[in-house]
Amino acid sequence: MNSFRLILDISKTHLLSKIKQTVVAALGVTFGISTFIILMSFMTGLNDLLDGLVLNRTPHIQLYNKIEPSEIQPIDSDEEYADELTFIHSVKPKIKLERIHNALPLLSELRKNKKVLGATPQTTVKVFYLAGSNKLNGVLNGIELQEEIRLFNFKDYIVKGDANSLLKRKNSILLGSGIADKLSLDIGDKIQVMSTNGSFHDLVIGGIYQSGLAEVDDVQSFVSISMAQKIMGVGNNYISRIHVKLNDIEDAVPMAKTIESLYDVSALDIKQANAQFDTGSDIRNLISYAVSITLLIVSGFGIYNILNMFIYEKMNDIAILKATGFTGKDVMFIFISQALIIGFFGGLLGIGIGYAVSAFIDTIPFVTEALPTIKTYPINYNINFYISGVVFALVSTFLAGFLPAKKAQHIDPVEIIRGQ
Amino acid sequence: MDIILKTEHINKYFLEPTKLQALKDINMELERGEFVSIMGKSGSGKSTLLYILSTMDTNYEGDLYLDGKKMSHLSKNELARIRSEKIGFVFQFHYLLPEFSVLKNVMLPALKLGIESDSVIKKRAMETLDMLDIADQAHKKAYRISGGQKQRTSIARALINKPKIIMGDEPTGNLDSKNADKVFDIFKTLSKEKGLSLLVVTHDHDFAKRTDRIIELEDGRII
Ligand SMILES: Nc1ncnc2c1ncn2[C@@H]1O[C@H](COP(=O)(O)OP(=O)(O)OP(=O)(O)O)[C@@H](O)[C@H]1O
Ligand SMILES: [Mg+2]
């Protein structure tokens, strides 16, 4: 029998003879690892979900016409004052239309760009929603439905009815859920909107839109872009925003800069729009790691204690083994292998239980107004959690077993034998 | 003359609880095939001497030679190897691994040495157990057998690696006279036929008288 197998054989006999302590120690590891997996799967699941929500919903670049005062005021171009310091108080922006200049050529340029996955135009109209004697002010967004669905998962936010009704009927509207509640309207009902220029339009509710953000759902509804232009009384080149989705989100910042420099338009990239978001997920990740590592350290101490106890109980065995030709190293390996066996089986059970509980959590219904696309708690089944779980288990049990094993290595057999 | 074991001026001190010299200037020799008994009152230093001779205790003054080779200053690992190859030890109290079977206890030193195959070792272990009349206990766990059976198991274990010397600290202390005689006969045969040297601590005068030579200890000194 080679030395490795002999040592394993001895460890096995020791562990089996103290099956209760062995199981308790292994369950400590199991607890640590399974909690780690559950926590990480759930936390990162949640993070991915929230990230996904933002990423799905938010265009990588938004193009619009910002209304702001001109950088160069008339006085700046007057040569007489070129060397003077001039002050102008209460600068107001010039009247500008809320439309993108030359939107259609810009749109087709963007669509041709290889980095661009897609670009959709939107035309926004301020309206009053009228139903009976009620009057609510709000916003109608004219959209290109198919592109919105393809690029921004628009369909996920239609909680009732059918998004495609926009295509089927020209005067169909996807009504914000808050408006529908306030006006007690439902699918199939008629709603009248009044535009700021005083024209009235009859629309039919084809679906209910719910983003999860009350301040949006209380004012915003969607119609087809041509309907929005008609309500506004403008031509089909009147486009107030363009939403761009790129193939690679990392291109957003440079691309936004380029567009701003080439065209007469403001470009807002997703990094700027959601700067606060990254920190949120980072902190959640940090907390889950901190909690998991604490748990693993605690279970490591459990193993340390139990192995220490093992070694006190096995003093005689250690002395006998040493007296009959086993070296200190052999004895050390016997105890380290015991620790690793405990770690391995505890860890294996841990990932099993971790998986089972995660899968169970995955089936628990989780319905919230704020997240209309979510039906159950989100779980991230990332194989890395399972691999690092087992690695953690082995490393922590090794460390926990190392000191007691070192102690066993240096036990003097004569002292034990004489002490009897 | 073939000297297998030799000591030169061995002194041993215990520092706790008070300084005590347990062995005083021990000079002795053991020939190949010689069967020697060590006698002396309780506390005279017999066990202490045996632990030093067996290389388990390295904390002493003076020199120890085993098979012509100086043992003092060898590393613990080298000593462990020499111990398993050349020395079989029977403790004063039967020291077995309680959760292992009798057979496994006997086999372990040979498995560790790793020279022969498992089946050869197993076969010889069974033969040795049979010789000591406990072959029927072979598959019991060591904590489930009687004191005398334990003692015979540890004798079998001492024999498994075909050592050059067997050291025993009262190896027949727990045996009835019939079994003690049997162990004595086995020892005698081993020394006469196989050239094995034996160094046995005993309180039994009849046992000692039948050995080749008696070393008498008093207060840590050979007299
Ligand atoms: N670990 C120790 N620390 C201090 N003194 C010790 C220790 N072990 C033994 N002694 C002392 O050394 C002396 C010799 O002890 P030893 O065990 O060698 O006696 P012994 O001859 O084997 O006795 P017995 O026949 O009772 O087994 C005794 O006086 C004992 O008290
Ligand atoms: Mg003694």
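Not measured: the values here are computed from a predicted model.

Draft legend 1. Looking closely at the site of ligand 1. Residue and element names in this part refer to chain B. Every one of the 15 residues lining ligand 1 counts as a neighbour, but Ser42, Gly43, Lys46, Ser47 and Thr48 are closest to it. The contact in question runs from an oxygen atom of ligand 1 to an N or O atom on the side chain of serine 42, over 2.6 Å. The contact in question runs from an oxygen atom of ligand 1 to an N or O atom on the backbone of glycine 43, over 2.8 Å. Protein coverage of the free-state accessible area of ligand 1, which is 630 Å², stands at 69%.

Draft legend 2. Representation of the packing of helix α14 (residues 328–363) of chain A against helix α15 (residues 383–409) of chain A in the model. All names here are of chain A. At a closest axis distance of 7 Å, the pairing of α14 and α15 adopts a crossing angle of 155 degrees. Considered as vectors, α14 and α15 are oriented roughly antiparallel to each other. The two elements α14 and α15 cross, and the hand of that crossing is right-handed. Looking at the contact of α14 with α15, its residues break down into 17 nonpolar, seven polar and two charged.

Draft legend 3. Seen up close, the packing of aromatic side chains. In total, this model carries 18 aromatic pairs over all chains according to the counting rule given. Both rings, one in phenylalanine 154 of chain A and one in phenylalanine 222 of chain A, keep their centres 4.8 Å apart while their planes meet at 75 degrees; by these two values the pair is edge-to-face. Within this pair, whereas phenylalanine 154 of chain A is found in the loop between α5 (145–152) and β4 (158–161), its partner phenylalanine 222 of chain A is found in strand β8 (residues 220–224), the two being separated by 68 residues in sequence. Grouping residues by exposure puts phenylalanine 154 of chain A and phenylalanine 222 of chain A together as buried. On the basis of an interplanar angle of 75 degrees and a centroid distance of 5.2 Å, the ring pair of phenylalanine 91 of chain B and tyrosine 95 of chain B is categorised as edge-to-face. What makes tyrosine 95 of chain B buried here is its relative accessible area of 4%. By the ring-pair criterion, three or more aromatic residues cluster together here, those being Phe154, Tyr157, Tyr209 and Phe222 of chain A. Across the ring face of phenylalanine 184 of chain B, the terminal group of arginine 210 of chain B is positioned such that the distance to the ring centre comes to 4.2 Å.

Draft legend 4. Structural context of unusual backbone geometry. Residue and element names in this part refer to chain B. Residues glutamate 16 and proline 17 are joined by a peptide bond in cis, for which omega reads -10 degrees. Topologically, proline 17 is positioned in the loop between β1 (3–14) and β2 (20–31). Positive phi values are uncommon outside glycine, yet histidine 9 reaches one of about 50 degrees. Inspection of the secondary structure puts histidine 9 in strand β1. Accessibility expressed as a relative area gives 48% for histidine 9, which makes it partly exposed. Phi is positive for histidine 73, close to 75 degrees, though the residue is something other than glycine. Within the element layout of this structure, histidine 73 appears in the loop between β5 (69–70) and α2 (76–86).

Draft legend 5. Summary view of the interface of chain A and chain B. Contact residues are listed per partner, giving 29 residues for chain A and 24 residues for chain B. Of the roughly 2,500 Å² buried between chain A and chain B, counting both surfaces, carbon and sulfur atoms make up 64%. At the junction of chain A with chain B, the criterion picks out three salt bridges. For aspartate 9 of chain A, the salt bridge is made with lysine 104 of chain B, and the minimal N-O distance between the two is 2.3 Å. Where chain A meets chain B, there are six residue pairs in polar contact (both at pLDDT 80 or more). Looking at the side of chain A that touches chain B, the elements with two or more residues in it are α1 (3–17), α13 (315–323), α14 and α16 (413–419) of chain A.

Draft legend 6. Quick look at the nonpolar core. All names here are of chain B. Membership of the largest hydrophobic core comes to 88 residues, with the highest contact counts inside it found for Leu5, Leu53, Met167 and Leu199. The element best represented in this core is helix α3 (residues 102–113), accounting for seven residues. Here methionine 167 is in contact with Leu5, Leu50, Leu53, Ser54, Ile87, Gly88, Phe89, Val90 and Leu199, once residues within four sequence places are set aside.

Draft legend 7. Inspection of the confidence of the model for chain B at higher detail. The share of residues in chain B with pLDDT of 70 or more is 99%, and the mean pLDDT across the chain is 89. Both confidence scores are given for the complex: pTM 0.72, ipTM 0.86.

Rules used throughout
Residues numbered from 1 in each chain as written. Chains lettered and ligands numbered in written order. Predicted model: local features only at pLDDT ≥ 70, side-chain atom pairs only at ≥ 80, totals over all residues. Heavy atoms only, no water. Near = heavy atom within 4 Å. Polar contact = N/O pair within 3.5 Å; in protein donor to acceptor, adjacent residues only side chain to side chain. Areas by Shrake-Rupley, 256 points an atom, 1.4 Å probe, with all protein chains shown as cover. Axes fitted to C-alpha atoms, helices over the stretch in contact; angles between N-to-C directions. Helix = DSSP H or I, 4+ residues; strand = E, 2+ residues; numbered from the N terminus. Parallel < 35°, antiparallel > 145°, perpendicular 65-115°, else oblique. Left-handed = near helix turned anticlockwise from the far one by under 90°. Nonpolar A, V, L, I, M, F, W, Y, C, P; charged D, E, K, R; others polar. Phe/Tyr/Trp six-rings, centres within 6.5 Å; stacked < 30°, edge-to-face > 60°. Buried < 20%, exposed > 50% of the residue type's maximum accessible area, 1.4 Å probe, protein only. Lys NZ or Arg CZ within 6 Å of the ring centre and 35° of its normal. Contact = heavy atoms within 4.5 Å. Buried area = accessible area lost by both parts, 1.4 Å probe. Salt bridge = Lys/Arg side-chain N within 4 Å of Asp/Glu carboxyl O. Core = buried A, V, L, I, M, F, W, Y, C linked by side-chain atoms within 4.5 Å. pLDDT = per-residue confidence, 0-100.

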